[in-house]
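Working through the structure, step by step
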Amino acid sequence: MKDNKCKSENFFKYFLSSLFVVFSLGFVVMGFTFLPIIGFVLALPVLAIAFVIIRTRLNDKCELDFNADVT
């Protein structure tokens, strides 16, 4: 029941995290071609943000709940 209620929020959460993964891959490519150190330094935090968004849970109001335990 809860999954049906938050279907669009779950879609947006996964879409946003996959967008951050694509940006991270773009920074890695930029690290190989243009700016070696800066591209890799920017890729790691963006990838970490994507991982955090994927791991967060939605609360009863279908909002991201960063305070919940994600184990």
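Glancing now at the packing of helix H2 (residues 7–33) against helix H3 (residues 36–55). When two helices pack together, their arrangement is given by the angle between their axes and by how far apart the axes lie. Relative orientation of the contacting elements H2 and H3 amounts to 165°, with a least axis distance of 8 Å. Judged on the interaxial angle alone, H3 and H2 are roughly antiparallel. Two packed elements cross with a definite hand, and for H2 against H3 that hand is left-handed. Of the residues in the contact of H2 with H3, the class split is 19 nonpolar, 4 polar and 1 charged.

Considering the arrangement of structural elements, one finds serine 24 in helix H2. A distance of 3.2 Å separates the side chain of serine 24 from the backbone oxygen of alanine 43, its partner in a polar contact. If we ignore the near neighbours within four places in the chain, the residues touching serine 24 are Ala43, Val46 and Leu47.

Attention shifts here to unusual backbone geometry. It is generally the case that most residues other than glycine have a negative phi and that most peptide bonds are trans. Even without a glycine there, the phi angle at cysteine 62 is positive, about 65°. On the secondary structure map, cysteine 62 appears in the loop between strand E1 (57–58) and strand E2 (64–65).

Okay, the environment of aspartate 65 next. One can find aspartate 65 in strand E2. Here aspartate 65 is in contact with Arg57 and Asn59, once residues within four sequence places are set aside.

Bringing the state of the cysteines into the picture now. Taken as a whole, this structure holds 1 disulfide when the rule is applied. For cysteine 6, the disulfide goes to cysteine 62, at an S-S distance of 1.9 Å. When the S-S torsion is -75°, as for the bridge of cysteine 6 with cysteine 62, the disulfide is left-handed. Separated by 56 residues along the polypeptide, cysteine 6 in the loop between helix H1 (2–5) and H2 and cysteine 62 in the loop between E1 and E2 bring together distant segments of the chain.

What counts and what doesn't
- Residues numbered from 1 in each chain as written.
- Predicted model: local features only at pLDDT ≥ 70, side-chain atom pairs only at ≥ 80, totals over all residues.
- Heavy atoms only, no water.
- Axes fitted to C-alpha atoms, helices over the stretch in contact; angles between N-to-C directions.
- Helix = DSSP H or I, 4+ residues; strand = E, 2+ residues; numbered from the N terminus.
- Parallel < 35°, antiparallel > 145°, perpendicular 65-115°, else oblique.
- Left-handed = near helix turned anticlockwise from the far one by under 90°.
- Nonpolar A, V, L, I, M, F, W, Y, C, P; charged D, E, K, R; others polar.
- Polar contact = N/O pair within 3.5 Å; in protein donor to acceptor, adjacent residues only side chain to side chain.
- Contact = heavy atoms within 4.5 Å.
- Disulfide = S-S within 2.5 Å.

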